[in-house]
Amino acid sequence: MNLYPEAAVPDPGVPDRKQAEARRMLAGLPLSPVPPDLAARALARGRRLRAHRRLRRRLGWLLALLAVAALTWTAAAQPWVPPPSRTTPPVEGW
């Protein structure tokens, strides 16, 4: 039972009108020339992208390492705790 008859597969022996028209349009177009330095430019761009990706990855690891170091220092030093007083408070009520 075919639920979508309009989406039926066309007979391979019958040429598709749209496909034939597209082939005729493309057949008349001249081939565009490829720049002679295209491969060299693509290679340079690939190297540049890889170097930038490597730099971003290293900066990310450095940032993560600094965050771990800061959290470790914060846990060990507890900078939010006030320092102990050096003098005793005055005694009242004696």
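Our structure's up above, just so we're on the same page.
Residues numbered from 1 in each chain as written. Predicted model: local features only at pLDDT ≥ 70, side-chain atom pairs only at ≥ 80, totals over all residues. Heavy atoms only, no water.

Peer 1: Got a sec to walk through the overall build of the protein chain? Specific residues and values, please.
Peer 2: Along its length, the protein chain carries 2 helices and 0 strands. Expressed as a percentage of its 94 residues, the buried residues of the protein chain come to 0%. When the accessible surface of the protein chain is split by element, carbon and sulfur atoms take 66% of a total near 9,800 Å². (Helix = DSSP H or I, 4+ residues; strand = E, 2+ residues; numbered from the N terminus. Buried < 20%, exposed > 50% of the residue type's maximum accessible area, 1.4 Å probe, protein only. Areas by Shrake-Rupley, 256 points an atom, 1.4 Å probe, with all protein chains shown as cover.)

Peer 1: Can you break down unusual backbone geometry residue by residue, with the values?
Peer 2: Phi angles above zero are rare outside glycine, and Gln78 is one such case at about 45°. One can find Gln78 in the segment after helix H2 (38–77).

Peer 1: Can you tell me about a nonpolar patch on the surface, naming the residues and giving the values?
Peer 2: Together, Leu55, Leu59, Leu62, Leu65 and Leu66 make up a nonpolar patch on the protein surface, roughly 500 Å² of accessible area in all. Inspection of the secondary structure assignment puts Leu59 in helix H2. (Patch = residues over 30% accessible without salt bridge, like charges linked within 9 Å, V, L, I, M, F, W, Y side chains within 5 Å. Salt bridge = Lys/Arg side-chain N within 4 Å of Asp/Glu carboxyl O.)

Peer 1: Any chance you could break down the pattern of salt bridges for me, citing the residues and the numbers?
Peer 2: Think of it this way: side chains of opposite charge can pair up when their charged atoms draw near. The final tally for this structure, using the stated rule, is 2 salt bridges. We note a salt bridge from Arg17 to Glu21, for which the minimum N-O separation is 3.7 Å. Placement of the pair is Arg17 and Glu21 together in helix H1 (residues 17–27), with a separation of 4 residues, close to one helical turn. Residue Glu21 is classed as partly exposed on the basis of its relative accessible area, which comes to 36%. Arg41 is paired through a salt bridge with Asp37; the nearest N and O atoms lie 3.8 Å apart.

Peer 1: Give me the lowdown on a positive patch on the surface, citing residues and values where you can.
Peer 2: A contiguous patch of positive charge on the surface is contributed by Arg47, Arg50, Arg53, Arg54, Arg56, Arg57 and Arg58. Relative to the helices and strands, Arg56 resides in helix H2. (Lys, Arg positive; Asp, Glu negative; His and termini not counted. Charge placed at Lys NZ, Arg CZ, Asp CG, Glu CD.)

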